[in-house]
Amino acid sequence: VFKNLQFETGKAIIRQVSFTSLDALAGLMKRKPEFRLIIDGHTDNVGADADNQRLSEQRAKAVAGFLTGYGIDVARVVAVGLGETRPVATNETEEGRAQNRRTEIKVL
């Protein structure tokens, strides 16, 4: 889980503060051509389910696009949006909702 991967509120635009971590991930992918990634986008439960699903997909795709923009082969990166279906904390508090708004990157 990228704790410092941040997006513009309600959008799939990656904030510049996240670029350092993503640059490092792209470098790792270049050094390890056998690595493949699954990028899971997650949201909290605020808003309509369909909107959250769409946003989670767009954010996962934005991360994948960042990596492919560095020359990482698109076949090595799978983006999946899971919406609000897999919370890691309660959605009853702002702190919990913040934890649920996350992007998980798994190496295969």
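If you're wondering where the values come from, they're calculated on a predicted model, not measured in any experiment.

### Observations regarding the pairing of strand E2 (residues 77–81)
With five bridges connecting them, strand E1 (residues 37–41) and E2 associate as parallel partners. Pairing of Asp 40 across the sheet is with Val 80, part of E2. Taking the sense of rotation as the criterion, the β-α-β connection linking E1, helix H2 (residues 49–69) and E2 turns out right-handed.

### Some points on helix H1 (residues 19–31)
Three- or four-residue spacings in an α-helix give side chains the same orientation, since the helix completes a turn every 3.6 residues. The terminal C-alpha atoms of H1, which comprises 13 residues, lie 18 Å apart, in line with the 18 Å expected from a rise of 1.5 Å per residue. In this structure, the buried side of H1 is in contact with E1, H2 and strand E3 (103–107).

### Some points on the sheet that holds E2
Read from one edge to the other, the open sheet built from three strands follows the order E2-E1-E3, with strand pairing classed as mixed. Edge positions in the open sheet fall to E2 and E3, since each of these has one partner strand only. Across the sheet, the mean angle separating the axes of adjacent strands is 20 degrees when strand polarity is ignored. Sheet topology places E1 next to E3; five bridges connect them, and they run antiparallel. Paired with Asp 40 across the bridge in E3 is Glu 104. Each of E1, E2 and E3 is contacted by H2, which is oriented at about 165 degrees to E2, the strand it contacts most.

What counts, and where the lines are drawn
Residues numbered from 1 in each chain as written. Predicted model: local features only at pLDDT ≥ 70, side-chain atom pairs only at ≥ 80, totals over all residues. Heavy atoms only, no water. Pairing = 2+ DSSP bridges. Helix = DSSP H or I, 4+ residues; strand = E, 2+ residues; numbered from the N terminus. Right-handed = clockwise from strand over helix to strand, strands pointing away. Expected span 1.5 Å × (residues − 1). Contact = heavy atoms within 4.5 Å. Axes fitted to C-alpha atoms, helices over the stretch in contact; angles between N-to-C directions.

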